[in-house]
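What follows is each chain in one-letter form.
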Amino acid sequence: MTAAAPTPAPSPDPRTTARALLPLVGGAGNITSVAHCMTRLRLGLRDRALVQDEALTAHPAVLGVVEDDTAYQIVLGPGTVARVTPEFEALLLQDRGAAIKAAQKERNATPGKALLRRIANIFVPLIPALIGCGIIAGLNGLLLNLGRLPAVTPALTAIASGFMALIAVFVGLNTAKEFGGTPVLGGAVAAIVVYAGVAKVEVFGQQLSPGQGGVLGALAAAVLAVRVEKWCRRHVPEALDVLVTPTLTVLVAGLATVYGLMFVAGEVSAGIGVAADWLLGHAGAVAGLVLGGLFLPLVMLGLHQALIPIHTTLIEQQGHTVLLPMLAMAGAGQVGAAAAVYVRLRHRTDLRRTIRSAMPAGLLGVGEPLIYGVSLPLGRPFVTACVGGALGGGFVGLFHMLGAPVGSTAIGPSGWALFPLLSGEHGLSVTTVAVYAGGLLTGYAAGFAATYLFGIGKPLLSPPPAP
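Please read all numbers here as calculations on a predicted model, not as lab measurements.

S.K.: It is not clear to me how the overall build of the protein should be interpreted in this structure. Could you clarify?
M.R.: In terms of helices and strands, the protein carries 19 helices and eight strands. For a compact globule of 467 residues, the expected C-alpha radius of gyration is about 23 Å, and the protein comes in at 24 Å, within 12% of that figure. Taken along the three principal axes of its C-alpha coordinates, the protein extends 80 × 60 × 50 Å. The 467 residues of the protein split such that 46% are buried. Restricting to contacts in the protein with at least 6 residues of sequence separation, those with at least 24 account for 71%. By element, 67% of the accessible surface of the protein is carried by carbon and sulfur atoms, the whole surface being about 21,800 Å². Charge-centre separation for the protein: the mean point of 29 positive side chains lies 7 Å from the mean point of 22 negative side chains.

Structural data, given as structure tokens:
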């Protein structure tokens, strides 16, 4: 009789994980702020010396740890971090009460990094909807190309396109919330950008068009709405506030949006699209080399967040962003570099264990565990991983120049997880898939070869002396 397959161990309970992590970072009194991105729990610390580094990195839920001048970051992975963070915050609230809310607002970063963090806080919550709608759009395009299910494809088109048609409203809501205003007022002003009636308005001798300015216009409109609202809160008598403040906020910011911001943001958005098309059409290989080679350092520094509005603008304009597939090659270079470390450093059982556990996530485009657990601590493999990413990006960029562009209908996933979101001139096609797959293979191979030949110095190759 065949033995039954072992039942996989259940995932740790998020609350249990949060309870285990809190004392390892110095307890509730050592925490000044809590936030998270797609993979990392980001903590502000009062005293770095209170962190128990060895115990923290040894915890089974922790994939890695990274520090910068703004936060202590614990890499938990996608999905897990979104579940653990609320439990972590709940524990802090229990221990310290409402004071944690004020502490979370502390900003210890430079103005530039603080701005990037705010941009991320506005756009990152939109990524799940972008992914879901992007995959549905890809499936719908495939059905249309094959001529299948003609009665269903119109419904799929509506499902996939509805969110993108109103994304400006969601950007307005999140922007107002992030800058300290009333979210619904930010959304109300941003809704002007996509309202069909703006087509009757003439500005600078031109008719406006619904959606002109896109997410950039919505972002600017909502920021202005917050400024107007805060001014009103300070100067309008309390008895009239409930009527006057929302009216003036929507009116003043709305007029500025219609007669200025939509036009200006529309020109900027159009310029982004034209610049991307020109750059990749005339120097795609070089652009791919640069984008693929520099993306890992950008991720390490947190500067990649500046690209989120650009991706979103391109998706609005063209239905996909042609930058993301080239940037995704950085992850391929990282996977190749980690594989070379695994092959060459057979005596480093600790590294090999980390690589085995982090490689599946790396193949799916989650590179932080490999970056912070393998290549960055070793030094040179981080550089050779960038070489692999550069060559993979150059491969994708070269085919863009040759008339086979590859884009992504959403942002967030990369690696193998990006295949369902691929799009090109004719949607998801065999050519699009083949070019992206070729880029991944190039990144894997180049990252492996560069690391195997140049990324591992003699000190690492020497086994430790026997005790």
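Let us keep going from here.
S.K.: Please clarify how unusual backbone geometry should be interpreted in this entry.
M.R.: Leaving glycine out, the prevailing phi sign among residues is negative, and the prevailing peptide bond configuration is trans. A positive phi angle, near 50°, is found at Leu149, a position not held by glycine. A positive phi angle is found at Phe204, which is not glycine, with a value near 55°. Following the sequence through the fold, Phe204 ends up in the loop between β5 (202-203) and β6 (206-207). With a relative accessible area of 60%, Phe204 lands in the exposed category.

S.K.: Can you help me understand the pattern of salt bridges in this one?
M.R.: Opposite charge on two side chains makes pairing possible when the charged atoms of those side chains draw close. Per the counting criterion, the structure on display carries five salt bridges. In this structure, Arg233 engages Glu229 in a salt bridge whose closest nitrogen and oxygen atoms are separated by 2.9 Å. Of this pair, Arg233 and Glu229 both sit in helix α10 (residues 214-235), four residues apart, roughly one helical turn. Ionic pairing is found between Asp241 and Arg233, a salt bridge with its closest N-O pair at 2.5 Å.

S.K.: How should the sheet that holds strand β2 (residues 40-45) be read in this particular structure?
M.R.: Whether parallel or antiparallel, the strands of a sheet pair through hydrogen bonds between backbone atoms. In space, the four strands of this open sheet follow the order β1-β2-β4-β3, with antiparallel pairing throughout. The open sheet has two free edges, formed respectively by β1 (31-36) and β3 (64-67), since each of these has just one partner strand. Neighbour-to-neighbour, the strand axes of the sheet open up by a mean angle of 20°, direction not taken into account. Bridge count for β1 against β2 is five bridges, and the pairing is antiparallel. Looking at β2, one finds that Ile31 is bridged to Leu45.

S.K.: Help me out: how do you make sense of the packing of aromatic side chains in this one?
M.R.: Given two aromatic rings, their pairing is described by the distance between the two centres and the angle made by the two planes. For the structure shown, the criterion picks out five aromatic pairs. Considering the side-chain rings of Phe419 and Tyr436, the 5.1 Å spacing of their centres and the 85° angle between planes classify their relative orientation as edge-to-face. Here Tyr436 lies in helix α18 (residues 430-454) and Phe419 lies in the loop between β7 (407-408) and β8 (422-423), a separation of 17 residues in the sequence. The class of Phe419 is partly exposed, set by a relative accessible area of 25%. Positioned above the aromatic ring of Tyr342, the side-chain terminus of Arg352 is 3.9 Å from the ring centre.

S.K.: Help me understand the environment of Ser33, please; the structure alone is not making it clear to me.
M.R.: As for its position among the elements, Ser33 is in strand β1. Owing to a relative accessible area of 15%, Ser33 belongs among the buried residues under this scheme.

S.K.: Could you clarify how one ought to interpret helix α14 (residues 329-344) in this entry?
M.R.: For an α-helix, the turn length of 3.6 residues means that residues three or four places apart are oriented alike. Here α14 spans 23 Å end to end across 16 residues, near enough to the 22 Å set by a 1.5 Å rise per residue. For α14, every residue scored as buried is listed here: Met329, Ala330, Ala332, Gly333, Gln334, Val335, Gly336, Ala337, Ala338, Ala340 and Val341. Against the buried residues of α14 lie α11 (238-301), α13 (324-327), α15 (349-363), α16 (368-378), α17 (380-401) and α18.

S.K.: What am I meant to see in the confidence of the model for the protein here?
M.R.: Reading fine detail from the predicted coordinates is not recommended where pLDDT is low. Per-residue pLDDT for the protein has a mean of 85; in total, 91% of the residues score no lower than 70. Low pLDDT, under 50, characterises residues 1-10; the predicted model gives this stretch zero contacts beyond four residues in sequence or across chains.

S.K.: What is the right way to read the packing of helix α6 (residues 127-146) against helix α7 (residues 153-165) from this model?
M.R.: The description of two helices packed together rests on the angle between their axes and the distance between the axes. Axis separation between α6 and α7 bottoms out at 9 Å; the angle between their running directions is 150°. One finds that α6 runs roughly antiparallel with respect to α7. The two elements α6 and α7 meet at a crossing, and its hand is left-handed. Between α6 and α7, the contacting residues are Ala129, Leu130, Cys133, Ile136, Ala137, Asn140, Leu143 and Leu144 on the first element and Thr153, Leu156, Thr157, Ile159, Ala160, Phe163 and Met164 on the second. Grouping the constituent residues of the contact of α6 with α7 by class yields twelve nonpolar, three polar and no charged.

S.K.: Hey, could you run me through the environment of Pro360 in this one?
M.R.: Summarising the element assignment, Pro360 is placed in helix α15. On a C-alpha basis, the gap between Pro360 and Val335 in space is 9.5 Å, while along the polypeptide they are 25 residues apart.

S.K.: How do you make sense of the nonpolar core when you look at a structure like this?
M.R.: Within soluble globular proteins, side chains that are nonpolar tend to cluster in buried spots. Counting 73 residues, the largest nonpolar core has Phe123, Val171, Val341 and Tyr436 as its most contacted members. Setting aside its immediate chain neighbours within four residues, Tyr436 contacts Pro325, Ala328, Met329, Val406, Ser414, Gly415, Leu418, Phe419 and Leu422. Core analysis: the next-biggest nonpolar cluster, separate from the first, contains 21 residues, Ile31, Leu56, Ile74 and Leu91 among them.

S.K.: What's the story with the side chain of Thr409 in this structure? I'm lost.
M.R.: Its place among the elements puts Thr409 in the loop between β7 and β8. Judged by its relative accessible area of 11%, Thr409 falls in the buried class. Looking at Thr409, its side chain comes within polar contact range of the main-chain oxygen of Gly134, at 3.3 Å. Beyond its immediate chain neighbours, meaning those up to four positions away, Thr409 contacts Leu130, Gly134, Ile315, Gly319, His320, Leu421 and Ser423.

S.K.: Explanation requested: the packing of α10 against α11 in the structure shown.
M.R.: Remark: α10 packs on α11, axes separated minimally by 7 Å, with the N-to-C direction vectors making an angle of 155°. One way to sum up the angle between α10 and α11 is to call them roughly antiparallel. For the element pair α10 and α11, the recorded crossing hand is right-handed. Class assignment for the residues of the contact of α10 with α11 results in 15 nonpolar, five polar and three charged.

How each quantity is defined
- Residues numbered from 1 in each chain as written.
- Predicted model: local features only at pLDDT ≥ 70, side-chain atom pairs only at ≥ 80, totals over all residues.
- Heavy atoms only, no water.
- Helix = DSSP H or I, 4+ residues; strand = E, 2+ residues; numbered from the N terminus.
- Rg over C-alpha atoms; globule rule 2.2 N^0.38 Å.
- Buried < 20%, exposed > 50% of the residue type's maximum accessible area, 1.4 Å probe, protein only.
- Contact = heavy atoms within 4.5 Å.
- Areas by Shrake-Rupley, 256 points an atom, 1.4 Å probe, with all protein chains shown as cover.
- Lys, Arg positive; Asp, Glu negative; His and termini not counted.
- Charge placed at Lys NZ, Arg CZ, Asp CG, Glu CD.
- Salt bridge = Lys/Arg side-chain N within 4 Å of Asp/Glu carboxyl O.
- Pairing = 2+ DSSP bridges.
- Axes fitted to C-alpha atoms, helices over the stretch in contact; angles between N-to-C directions.
- Phe/Tyr/Trp six-rings, centres within 6.5 Å; stacked < 30°, edge-to-face > 60°.
- Lys NZ or Arg CZ within 6 Å of the ring centre and 35° of its normal.
- Expected span 1.5 Å × (residues − 1).
- pLDDT = per-residue confidence, 0-100.
- Parallel < 35°, antiparallel > 145°, perpendicular 65-115°, else oblique.
- Left-handed = near helix turned anticlockwise from the far one by under 90°.
- Nonpolar A, V, L, I, M, F, W, Y, C, P; charged D, E, K, R; others polar.
- Core = buried A, V, L, I, M, F, W, Y, C linked by side-chain atoms within 4.5 Å.
- Polar contact = N/O pair within 3.5 Å; in protein donor to acceptor, adjacent residues only side chain to side chain.

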